[in-house]
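Tertiary structure, described
Chain residues, written in single-letter form:
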Amino acid sequence: MALETDFIVIGSGVAGLRAAIEIAQSGASVTVLTKDKTSESNTEYAQGGVAVVLSDDDNAELHEGDTLVAGAGLCDQKAVETLVNEGTKYIKELIDWGTEFDREGGKLVFTKEAAHSRRRILHAHGDSTGAEFVRSLIAKATHEKTINLTPFANTESLIVNDGRCVGVRFLDPVLRAPREIFAKGVVMCTGGAGQLYQHTTNPPVATGDGMAMAYFAGAEMADMEFVQFHPTALNLENAPRFLLSEAMRGEGGLLKNEYGERFMPRYDDRLELAPRDIVSRSIVAEMRRTGTRTVYLDMTAMDEKFLKDRFPKIYETCRVYGLNIATDLLPVSPASHYCMGGIRSDLWGRSTLPGLYAAGEVTCTGVHGANRLASNSLLEGLVFGARAGEAALSDSSKSQVSSHRSKTEKRETLDIRHGTALSTAVKKRVKRIMWERVGILRDRATLVRASSEFDQIAAANLSPSSRNFVTLAQLVTRAALWREESRGGHYRTDFPEQKENWRTHSIQQRDTEIGSSQQINFDTARAV
């Protein structure tokens, strides 16, 4: 028997929870589906903080300007204006809801991060800002009686009827069997796809399923070639690629090579505070120059008590692996971190597929352009999560939930072979190819080879999760192959310059006939 609810939100990070709260405050029922526990998302792991205009020496124009510069000419200015202007309101709202940001003497403490012209980064519990966002938003959501939080409900696909998204197929966490749920609208907030790469700072849930599901349902995808690699992930054998926050360099941390030499002056005048893409490429270049696989983050000039108080989670994690951040050089190297591309959406979270809305890292609103400015992601999820919820409400004010099926709808058979050896092997192979050939440095020959391998993998009889994974890898690879320039998070060694005539967004959309071969059409690429 099919389930019904007014609205479905997929994902429980900052964007999903804020969208659900916005909808529930109208009295509508909301079912929030997550494939893990409710608190498990990229938001939970966000250390760096949230950028917001609240300090006396800051203003929206400065924040907007910094965001546009980092975006390398591909930001949508109206989207950036929306982010920085509305962000202040939503952060104040979060504070009213009980979010505890760090303070001194009762006043909010602002820090500075790479590519920001002002100290505008708020933190919570030092380096646990994302976790505090999730805590306060879940607390707020549980007080909304019409929100039904459903953890361990792995979403399989979107249900499209007569050209409109009307529901979701998912694995029931109790029955362990496929079920369908119908609604007036679906809000996709599943986060990014850092797990596409062999080395990533993202949690295991960040596999990009939401992007792939939207693509298979017929929604347009934009700017998939732009992937941000965080410069400083802990680089130790038998240890996770734990993120060493941008804020560590913001507080004065230095990058040094194998010989103890500070090397960033060789690459950029902004030194350690250059944009992330530049710092990541500089680290790769330095490792190649010195024939090593790591560089080092040096925090030893700072007081240990300050570091322990400022970065408590990082301090304790490093200690587990035998490192003291106050006295030891910390081995680091880049790892995949954030997707600037995703489901193409407008300023209200509307995708190109009616009935499907999206917010957060799963989308491409134009806020980040070709390279996200540090600490803008939590703010984006908050602002556009609320806006997507509001749009879903207003667009469907006269609609009814209907599980009536169109005679023309073609349904795909679900294969629930999750966690099998085949799925594990497929994902492991895809991650290696993405890291080696579609990573920080790209060129035509390696991209063509990667694309060919992904086509071979996709021809196999894959489970839905593996199919989603391979499809997403294909989308990133083909977009990277198409863009014959270097811009932001996309760097081509065979086209190292940024070109004005490439100031366009890549658009990819699947052939509307379910079951046909996937076709990529860049003819609709739109100029900024």
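Residues numbered from 1 in each chain as written. Predicted model: local features only at pLDDT ≥ 70, side-chain atom pairs only at ≥ 80, totals over all residues. Heavy atoms only, no water.

**Brief notes about the overall build of the chain**
Rules: Elements are defined by DSSP. Helices are runs of H or I of four residues or more, strands are runs of E of two residues or more, and each kind is numbered from the N terminus. C-alpha atoms define the radius of gyration in this analysis, and the globule rule sets the expected value at 2.2 Å times the number of residues to the power 0.38. Summary of the burial criterion: residues with accessible area below 20% of their type's maximum are buried, those above 50% are exposed, and those between are partly exposed, where the area comes from a 1.4 Å probe applied to protein chains only.
Scanning the chain from N- to C-terminus turns up 13 helices and 24 strands. For the chain, the C-alpha radius of gyration of 22 Å lies close to 24 Å, the compact-globule estimate for 528 residues. Each principal axis of the C-alpha distribution contributes one length, and for the chain these read about 70 × 55 × 45 Å. When burial is assessed residue by residue, the chain has 59% of its 528 residues classed as buried.

**Observations regarding the packing of helix α5 (residues 209-217) against helix α13 (residues 464-482)**
Heads up, the rule is: Here, axes are lines fitted to C-alpha atoms. For helices the fit covers the stretch in contact, and angles between N-to-C directions go from 0 to 180 degrees. Relative orientations are named as follows: roughly parallel for angles under 35 degrees, roughly antiparallel for angles over 145 degrees, roughly perpendicular for angles from 65 to 115 degrees, and oblique for any other angle. When checking whether two residues touch, look at their non-hydrogen atoms; a contact exists if any pair is within 4.5 Å. Think of it as three bins: nonpolar holds Ala, Val, Leu, Ile, Met, Phe, Trp, Tyr, Cys and Pro, charged holds Asp, Glu, Lys and Arg, and polar takes everything else, Gly as well.
Running from amino to carboxyl end, α5 crosses α13 at an angle of 85 degrees, the nearest separation of the two axes being 9 Å. On the basis of their axis angle, the class for α5 and α13 is roughly perpendicular. Taking contact as the criterion, the partners of D209, M211, A212, M213, Y215 and F216 in α5 are, on α13, S465, R467, N468, T471, L472 and L475. In terms of residue class, the contact of α5 with α13 is made up of 7 nonpolar, 3 polar and 2 charged.

**Some thoughts on the packing of helix α3 (residues 77-96) against helix α10 (residues 377-395)**
Running from N to C, α3 and α10 point in directions that differ by 90 degrees, and their axes come no closer than 8 Å. Here α3 is positioned roughly perpendicular relative to α10, judged by the angle of their axes. Contacts from A79, T82, L83, E86, G87, Y90, I91 and L94 in α3 reach L379, E380, L382, V383, F384, A386 and R387 in α10. Counted by class, the contact of α3 with α10 contains 10 nonpolar, 2 polar and 3 charged residues.

**Some points on the sheet that holds strand β23 (residues 507-508)**
Applicable threshold: Note on pairing: two strands pair once DSSP finds at least 2 bridges between them.
Across the sheet, 4 strands lie side by side as β21-β19-β14-β23; this open sheet has mixed pairing. Whereas interior strands pair on both sides, the edge strands pair on one side only; in this sheet they are β21 (363-364) and β23.

**Remarks on the pairing of strand β18 (residues 330-339)**
Counting buried residues along β18, 10 of its 10 residues qualify, which places the element largely inside the surrounding structure. Bridge count for strand β15 (residues 227-234) against β18 is 6 bridges, and the pairing is antiparallel. The residue bridging F229 from the neighbouring strand is S336, located in β18. Judged from the 3 bridges that link them, strand β17 (residues 295-298) and β18 form a sheet pairing that is antiparallel.

**Some remarks on the side chain of T150**
Mapping T150 onto the fold places it in strand β9 (residues 147-150). Setting aside anything within four residues of it in sequence, one finds T150 in contact with T31, V32, L33, T34 and P173.

**Examining the sheet that holds strand β11 (residues 164-171)**
The strand order across the open sheet built from 4 strands is β1-β12-β11-β10, with neighbouring strands paired in mixed fashion. Edge positions in the sheet fall to β1 (3-4) and β10 (154-161), since each has one partner strand and no second. Strand direction decides the pairing type here: β10 and β11, joined by 7 bridges, are antiparallel. In the strand pairing of β11, N154 is matched with L171.

**Comments concerning the confidence of the model for the chain**
The condition is simple: Every residue is assigned a pLDDT by the predictor, reflecting its confidence on a scale from 0 to 100.
Taken as a whole, the chain shows an average pLDDT of 89; of its residues, 91% reach a score of 70 or greater. Taken together, the stretch residues 410-419 has pLDDT below 50 and engages in 28 contacts with residues farther than four places along the chain or on a different chain. Here residues 512-528 is modelled with pLDDT under 50, and outside its nearest four sequence neighbours on either side it reaches 46 contacts, counting other chains as well.

**What about the packing of aromatic side chains?**
Heads up, the rule is: Any Phe, Tyr or Trp ring, taking Trp's six-membered ring, that has another such ring centre within 6.5 Å forms a pair; planes under 30 degrees apart are called stacked, those over 60 apart edge-to-face, and the others tilted.
Applying the stated criterion across every chain, the model contains 7 aromatic pairs. With a centroid separation of 6.5 Å and 80 degrees between ring planes, the pair formed by Y197 and W435 is classed as edge-to-face. Linking Y197 in the loop between β13 (185-188) and α5 with W435 in helix α11 (residues 421-437), this pair joins segments that are 238 residues apart in sequence. Geometrically, the ring pair formed by F229 and W435 is edge-to-face, given 6.1 Å between the ring centres and 65 degrees between the ring planes.

**Topic: the environment of H505**
The line we're drawing: Distance and chemistry together define a polar contact, namely a pair of N or O atoms within 3.5 Å, with one atom able to donate a hydrogen and the other to accept it when in protein, and with adjacent residues in sequence counting only for side-chain atoms on both sides.
One can find H505 in strand β22 (residues 504-505). Judged by relative accessible area, which is 4%, H505 ranks as buried. A polar atom in the side chain of H505 sits 2.6 Å from the side chain of D223.

**What about the environment of D455?**
Among the secondary structure elements, D455 is positioned in helix α12 (residues 444-458). Spatially, the C-alpha atom of D455 lies 9.0 Å from that of T471, the residues being 16 residues apart in sequence. With residues near it in sequence (within four places) discarded, D455 still touches Q474 and R478. Side chain to side chain, D455 and R478 meet in a polar contact 2.8 Å long.

**Focus: unusual backbone geometry**
The phi dihedral of F152 falls on the positive side, at around 55 degrees, and the residue is not glycine. Tracing the chain through its elements places F152 in the loop between β9 and β10. Look at S375: it is not a glycine, yet its phi comes out positive at around 70 degrees. Its location among the elements puts S375 in the loop between β21 and α10.

**Re helix α9 (residues 312-320)**
All of the buried residues along α9 are I314, Y315, T317 and C318. Structurally, α9 contributes buried residues whose contacts are with α6 (246-250) and α8 (304-310). Within two residues after α9, G322 carries a phi angle of roughly 80 degrees, on the positive side.

**Regarding the pattern of salt bridges**
Our working definition: Salt bridges are identified by distance alone: a Lys or Arg side-chain nitrogen within 4 Å of an Asp or Glu carboxyl oxygen.
Across all of its chains, the model carries 34 salt bridges by this definition. Note that E22 is salt-bridged to R18, the shortest N-O span being 3.0 Å. On the criterion of helical spacing, the pair formed by E22 and R18 is a turn pair, its members being 4 residues apart in helix α1 (residues 14-24). By relative accessible area, which is 17% here, E22 ends up buried. We note a salt bridge from E286 to R289, for which the minimum N-O separation is 2.8 Å. Taken together, the residues E286 and R289, both in helix α7 (residues 276-290) and 3 residues apart, mark about one turn of the helix. Classification of E286 by relative accessible area gives buried; the value is 0%.

**A short note on the pairing of β17**
Across the two faces of β17 the burial is the same, with V295 and L297 and Y296 and D298 all buried. In terms of strand pairing, strand β16 (residues 254-256) meets β17 through 3 bridges, oriented antiparallel. Following the sheet pairing, K256 is matched in β17 by Y296.

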